[in-house]
Amino acid sequence: MKIFIDGKYYDERNAKISVFDHGLLYGDGIFEGIRAYHGRVFKLKEHIDRLFYSAKAILLEIPMSSAQITRATVEVCRENKIRDGYIRLVVTRGVGTLGLNPKSCKRPSVIIIADKIQLYPAGVYQRGLDIITVPTTRNLHSALNPAIKSLNYLNNILAKIEANNGGCEEAVMLNAEGFVAECTGDNLFIVKNGALLTPPLSAGALYGITRRTVMELAEESGLKVSEPNLTRYDLFSADECFLTGTGAEIVPVVKIDGRVIGTGKPGRVTRRLEDEYHALTKVSGEPIYK
Ligand code: PMP
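Residues numbered from 1 in each chain as written. Predicted model: local features only at pLDDT ≥ 70, side-chain atom pairs only at ≥ 80, totals over all residues. Heavy atoms only, no water.

Colleague: Please clarify how the side chain of arginine 211 should be interpreted in this entry.
Modeller: When you line up the elements, arginine 211 lands in helix α6 (residues 209-220). With a relative accessible area of 4%, arginine 211 lands in the buried category. Those residues in contact with arginine 211 that lie beyond four places of it in its chain are Asn187, Phe189, Thr198, Pro199, Pro200, Leu201, Leu206, Glu227 and Thr244. (Helix = DSSP H or I, 4+ residues; strand = E, 2+ residues; numbered from the N terminus. Buried < 20%, exposed > 50% of the residue type's maximum accessible area, 1.4 Å probe, protein only. Contact = heavy atoms within 4.5 Å.)

Colleague: Where do I start with the nonpolar core in this structure?
Modeller: If you look at soluble globular proteins, the nonpolar side chains tend to sit buried side by side. Counting residues in hydrophobic clusters, the biggest one holds 27 residues, and the most contacted among them are Ile30, Val41, Ile62, Ile69, Ile87, Val110 and Ile112. Of all the secondary-structure elements, those providing two or more residues to this core are β3 (29-37), α2 (44-57), α3 (66-79), β5 (85-92) and β6 (109-115). The greatest single-element share of this core, amounting to five residues, is contributed by α3. Val180, Ile190, Leu235 and Ile256 belong to the second-largest nonpolar core, a separate cluster that totals 23 residues. (Core = buried A, V, L, I, M, F, W, Y, C linked by side-chain atoms within 4.5 Å.)

Colleague: Sorry if this is basic, but what is going on with the pairing of strand β14 (residues 249-256) here?
Modeller: Of all eight residues in β14, seven are buried; the element is thus mostly enclosed. Examined bridge by bridge, strand β7 (residues 129-133) and β14 share three bridges and lie parallel to one another. Looking across to β14, one finds that leucine 129 is bridged to valine 253. In the sheet, strand β13 (residues 240-245) pairs with β14 via five bridges, with the strands oriented antiparallel. Opposite glycine 245, over in β14, you have glutamate 249 as the bridge partner. Between β13 and the antiparallel strand that follows it, β14, lie three residues. Relative to strand β15 (residues 259-260), β14 runs antiparallel, the two being bridged by two bridges. Across the sheet, isoleucine 256 pairs through a bridge with arginine 259, a residue of β15. (Pairing = 2+ DSSP bridges.)

Colleague: Would you explain the domain arrangement of the protein in this entry?
Modeller: Accessible area lost upon the coming together of the parts is a frequently used measure of interface size. Under the domain assignment used here, the protein contains domain 1 (2-115) and domain 2 (122-281). Distance between the C-alpha centres of domain 1 and domain 2: 26 Å. Listed per partner, the contact involves 24 residues of domain 1 and 19 residues of domain 2. Carbon and sulfur atoms supply 64% of the area buried between domain 1 and domain 2, which totals about 1700 Å² over both sides. Together, Phe31, Phe42 and Arg50 form the three largest contributors to the area buried by domain 1 at its contact with domain 2, with a combined 36%. Between arginine 35 and glutamate 249 there is a salt bridge, with its nearest N and O atoms 3.3 Å apart. Between the two partners, domain 1 and domain 2, sit eight residue pairs in polar contact (both at pLDDT 80 or more). Elements with a contribution of two residues or more to the side of domain 1 that touches domain 2: α1 (22-26), β3, α2 and β5. (Domains from an automatic or database assignment. Buried area = accessible area lost by both parts, 1.4 Å probe. Salt bridge = Lys/Arg side-chain N within 4 Å of Asp/Glu carboxyl O. Polar contact = N/O pair within 3.5 Å; in protein donor to acceptor, adjacent residues only side chain to side chain.)

Colleague: Can you walk me through unusual backbone geometry in this structure?
Modeller: Among all residues except glycine, the phi angle is most often negative; among peptide bonds, the trans geometry is most common. Non-glycine residue asparagine 193 carries a positive phi angle of around 50°. Here asparagine 193 lies in the loop between β10 (187-192) and β11 (195-197). With a phi angle near 65°, glutamate 249 is a residue other than glycine that sits in the positive phi range. Along the chain, the position of glutamate 249 falls in strand β14.

This is the structure in structure tokens:
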């Protein structure tokens, strides 16, 4: 595997960053997770745009233009002969002193890794997930806005550990007001009376690119889509529930906190959106091999 670090390629064993990089010392940096399907990078522009918005929010100056990062991302896929895979784009604050002040970091580092994708086991997609609400609440906007895809994922990791402790793969995270925000690495949707609902971004969710795509697909096929605040009660009384994320795609949820959702099987609307999403991944994206 060839890994891109600041304009050069390194093999896996030599792809290293400094122990003084504030990405490591403080989680000071940002990232994107992107998918390639059938020799195309899916939703590349959306991911690069989000990377630049995250950078702006933390006053991080990416030392490459968005056109250069776009080209480099496609090139890393080509160098690694990727047709279907997962791309991790990371920008760290860079090397500085041991103090947390980012002023000591002179140059952010850009890292691009293209690898195979690790999905949930096929059974999860067939049967659906059993998830739980966890005690760790989603970060406050006023503290660390969940819209920033930062390298500081401890909030999500704590929730993931609590889910694992409860015997589950994923956790529903509530915000400080008790409304549903999202899951640890995915956005959450419910279907109720034929309409699609997902928490508003202001409830503390990432501006998910899969979330946006699913909302567009739903609207195109005539489904009503809305973004109200949702409570756990709304989840329990939903007809269907599913999660969305670049890595996971669309994952049906069949049980939440011991309550069976709908029929206890992945629902019809979920299945239709899964099919439409897969169809889209077959035909759209930035070509890797021109
Ligand atoms: N929420 C969180 C916390 C995430 O890390 C992610 C990305 N894995 C998502 C939602 C889904 O976003 P996207 O569809 O853009 O991958």
